[in-house]
Amino acid sequence: MDTKEAKVYVAILIAAGVLGIILVYFIITIIRQQKKNLVLHKEKIQAEINTLETERKRIAADLHDDLGPLLSAVKLQINSLNSEDKEDAEIIDKSNSQIDVILHRVREISNDLMPHVLLRKGLVAAIKEYVDDLKESHILQVNFDSPAIVIPSKETEVHLYRVVKEIIHNTIKHAHATLLELKLYKENNKLILYARDDGKGFEYDQAIKNSRGLGLSNLASRIEILKGELFIESKPGKGTAYTIEIPL
Amino acid sequence: MNLFYLSLISSFSIALAAGIGLVRFTTIPKTYRPFILICILALVNELVSIVMIYSVFASNALNANIYVLAEGCLFVWQFRQWGSLRKKKWHIYLLIGSMVLIWVYENFFWSHITSINSLFRVYYSFCLIFLSVGQVNRLIVEAHGNLLKNARFLICMGVLIFYSYKAIMEVFYLLKIQFSDNFYSNIDFILLLVNLFVNLIYAVAVLWIPKKQKFMLPF
Ligand SMILES: Nc1ncnc2c1ncn2[C@@H]1O[C@H](COP(=O)(O)OP(=O)(O)O)[C@@H](O)[C@H]1O
Ligand SMILES: [Mg+2]
């Protein structure tokens, strides 16, 4: 190279260096921005879901603890009436059975909002109960298999319970499956929830684009709160498999 | 170091990514396959180049010209797999169409297919840079984990770095400025280093490609 070329070459080297600095700066800012985004996003969904759960718990408790005793009291009072009149006796009978229905519904709704088994006996028992209810109604055959596991926090249990419920709901609503295989187990310090149905499956991108529902995004949020990972394997005609891994 | 050896090491460093990609090909999500194909194709192109240089052609221009077109199209396919170019159908047709048009014009009318042609190289470098910046923007919002362990992010960074330099360096060839061979080999030296660096990034990226499709929702 002659001196002129050498000068041009130095200029190029400087330009390449400047470009390099710009690129490095660009990459660093992107990584930092993404980290910030992640934190903000996590805080947001954590707050959203916390609000949701505390509200549910409150409503469930109000229904169960306030309405329940009140209704029972009313029932007692009605029963203490004794009427000679045959028509009145019939009305008392009718009211009695109606109050029973209301009591039953209140318990059902409250249980739906916040299952007592979940709070008292833990996740595995709660899922078992839910699955057994389904079995009786013959909507879907669910094979649930789990060793007795201790799950560190009630919060985790509630999240996982909702996740299982959403998976089962989706299977009933979309999959047209006959069988859902459900497993919950520990492996290498991870809690693994695995669900596989033999239904019609779906196209991943298509479903995300077309879905108006909040089911999957809610599910993803809960798993994110638990710092877990969600994998969905599905193909049209080949069923759907959900794998969820939660670090313990 | 001897420039010849550096160029060999730099060229064949893609073998790392291609090898890992080949081993993992069936176990990774389909959405990453175009990139693996690019790595394998790049390796094949390097091998063919050596044969061509020692053959009667004495130049790898012919296969390199064909290779860049294939690489450009595969990258466009890859970015589409990642969700770019999906808003309007004609975007992808326009992109592929313009790429092919420029390639055909340059190689058959403006210049000759047996000489290294730079117009297409500059053009597709710009296209890939824009596509990868678009992807990176999506990743800021969509990615849920550590970006440095995100294969998509690493590949985009590789594309961004390599094609930024390539676009700039190709301009010297494009303008056919009368510099000495020595000057041009010095320019190549820069690109060789960048190429080596980016190929290593690619290898790491291929290693990080998740086994299963991770569920990600835009938020
Ligand atoms: N097990 C499944 N089988 C078939 N399709 C499913 C399954 N789970 C989810 N999907 C698809 O994913 C979409 C999104 O589900 P979701 O977010 O729960 O919304 P929603 O249930 O309210 O429609 C559904 O509309 C459905 O097309
Ligand atoms: Mg749903």
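Residues numbered from 1 in each chain as written. Chains lettered and ligands numbered in written order. Predicted model: local features only at pLDDT ≥ 70, side-chain atom pairs only at ≥ 80, totals over all residues. Heavy atoms only, no water.

**With respect to the overall build of chain A**
Short version of the rule: Working definition: helices are DSSP H or I runs of at least four residues, strands are E runs of at least two. Numbering for both runs from the N terminus. Atoms counted for the radius of gyration: C-alpha only. Globule rule: 2.2 Å times the number of residues to the power 0.38. Only protein chains enter the accessibility calculation, which uses a 1.4 Å probe. A residue is then buried if its area is under 20% of the maximum for its type, exposed if over 50%, and partly exposed in between.
Summing up its helical and strand segments, chain A has seven helices and five strands in all. N-terminal to C-terminal, the α/β element order of chain A is α-α-α-α-β-α-β-β-α-α-β-β. Taken over C-alpha atoms, the radius of gyration comes to 28 Å for chain A, far larger than the 18 Å a tight globule of 248 residues would show. Across its three principal axes, chain A shows a C-alpha extent of roughly 125 × 40 × 35 Å. Of all 248 residues assigned to chain A, the portion counted as buried reaches 40%.

**Examining the domain arrangement of chain A**
Residue and element names in this part refer to chain A. We apply this condition: Where each domain starts and ends comes from a domain assignment, either automatic or drawn from a database. Whether two residues are in contact is decided by their heavy atoms: any pair within 4.5 Å suffices. Computed with a 1.4 Å rolling probe, the buried area is the accessible surface lost when two parts are put together, summed over both parts. Any carboxyl oxygen of Asp or Glu within 4 Å of a side-chain nitrogen of Lys or Arg constitutes a salt bridge here. Whenever a nitrogen or oxygen atom comes within 3.5 Å of another N or O atom, the pair is scored as a polar contact, on the condition that within protein one atom can donate a hydrogen and the other can accept it, and that pairs from neighbouring residues in sequence are kept only if both atoms are in side chains.
When cut into domains, chain A gives domain 1 (1-114) and domain 2 (117-247). Placing the centre of domain 1 and that of domain 2 at their C-alpha centroids yields a distance of 17 Å. With 13 residues of domain 1 at the contact, the number on the domain 2 side is twelve residues. Around 1100 Å² of area is buried between domain 1 and domain 2 when both sides are counted, 52% of it from carbon and sulfur atoms. Together, Ile45, Ile49 and Met114 form the three largest contributors to the area buried by domain 1 at its contact with domain 2, with a combined 39%. Counting across the interface, domain 1 meets domain 2 through three salt bridges. Taken together, the links from domain 1 to domain 2 amount to four residue pairs in polar contact (both at pLDDT 80 or more).

**Points about the packing of helix 4 (residues 61-81) of chain B against helix 5 (residues 89-110) of chain B**
Residues and elements named next belong to chain B. This is how the line gets drawn: What counts as an axis is a line fitted to C-alpha atoms, over the stretch in contact for a helix, and the angles between N-to-C directions run from 0 to 180 degrees. By the definition adopted for this analysis, an angle is roughly parallel if under 35 degrees, roughly antiparallel if over 145, roughly perpendicular if from 65 to 115, and oblique otherwise. In the scheme used here, Gly and all other residues not listed as nonpolar or charged are polar, with Ala, Val, Leu, Ile, Met, Phe, Trp, Tyr, Cys and Pro taken as nonpolar and Asp, Glu, Lys and Arg as charged.
At a minimum axis separation of 11 Å, helix 4 and helix 5 run at an interaxial angle of 175 degrees. Taken together, helix 4 and helix 5 sit at an angle that is classed as roughly antiparallel. Facing helix 4, whose interface residues are Asn65, Ile66, Val68, Leu69, Gly72, Cys73, Val76 and Arg80, helix 5 presents Ile92, Leu95, Ile96, Met99, Val100, Trp103 and Asn107. Of the residues assigned to the contact of helix 4 with helix 5, the class counts are eleven nonpolar, three polar and one charged.

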